[in-house]
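Structural description and commentary
Each chain is listed here by its residues.
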Amino acid sequence: QVQLAESGGGLVQAGGSLRLSCAASGSDFTFDAMGWFRQALGKQRELVATIISGGSTVYADSVKGRFTISRDSAKNTVYLQMNSLKPGDTGVYYCNRRTGWSWKNDWGPGTQVIVSS
């Protein structure tokens, strides 16, 4: 079984930065891609950033140029550097893994990000 634990959220003013971390554990931790999702209050969870196993990255248009996803394979940790934050970035951020083309049901508790105007 795989466990994912997100951390690094908090309250920040618009224009500020946060760095989120996602630590993965479990004997069967394998993936073809890792992703960061966010869910704003009353909205569906959306994928904002993906890093493929080979290292290439994909971003949602809403965060392109402001967010950077990266990975430390030795630590089984994925990061999301978020700069120039906007109130619209507010939400609970989750990481997850994909095998093949399917995202797994390994959701962690998430980490709350609040961006004040």
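Throughout this description, residue numbers start from 1 for each chain and increase along the sequence as written. Where totals are concerned, whole chains, interfaces and linings use all residues; where local detail is concerned, this predicted model gives features only for residues with pLDDT of at least 70, and gives and counts side-chain atom pairs only at 80 or more. Values shown for side chains rest on all heavy atoms present in the structure; no hydrogens or waters enter the calculation.

A few words now on the pairing of strand E9 (residues 91-99). Each residue is placed in one exposure class: buried if its accessible area under a 1.4 Å probe, protein chains only, is under 20% of its type's maximum, exposed if it is over 50%, and partly exposed if it falls in between. Secondary structure elements are defined from DSSP: runs of H or I of at least 4 residues count as helices, runs of E of at least 2 residues count as strands, and each element is numbered from the N terminus. When you tally the buried positions in E9, you get eight out of nine residues, the bulk of the element. In this sheet, E9 lies alongside strand E4 (residues 33-39) in antiparallel orientation, the contact comprising seven bridges. Bridged to Ala33 within E9 is Arg98. In short, DSSP must find at least two bridges between two strands for them to pair. Both E9 and strand E11 (residues 111-116) contribute to a ladder of three bridges, which runs antiparallel. Directly across from Gly91, in E11, lies its bridge partner Val113. Where E9 folds back onto strand E10 (residues 102-103) in an antiparallel hairpin, the turn is made up of two residues, including Gly100, whose phi is positive at roughly 65°.

One finds Trp36, Ile69, Leu80, Met82 and Tyr93 to be the most contacted residues of the largest nonpolar core, which totals 26 residues. Secondary structure elements with two or more residues in this core: strand E3 (18-25), E4, strand E5 (46-52), strand E7 (67-72), strand E8 (77-82), E9 and E11. No other element matches the four residues that E3 contributes to this core. Setting aside its immediate chain neighbours within four residues, Leu80 contacts Leu18, Arg19, Leu20, Trp36, Val48, Ala49, Phe67, Thr68, Ile69 and Tyr93. Among buried residues, those of type Ala, Val, Leu, Ile, Met, Phe, Trp, Tyr and Cys that are joined through side-chain atoms within 4.5 Å constitute a nonpolar core. Residue contacts follow a heavy-atom distance rule, with two residues in contact if any of their heavy atoms lie within 4.5 Å.

When the sulfur atoms of two cysteines come within 2.5 Å, that pair is taken as a disulfide. With the rule as written, the count across this model stands at one disulfide. Each sulfur in the disulfide pair Cys22 and Cys95 lies 1.9 Å from the other. On the sign convention where negative is left-handed, the bridge of Cys22 and Cys95, at about 60° about the S-S bond, is right-handed. Residue Cys22 is located in strand E3, and its partner Cys95 is located in strand E9; the two are separated by 73 residues in the primary sequence. When sorted by exposure, Cys22 lands in the same class as Cys95, which is buried.

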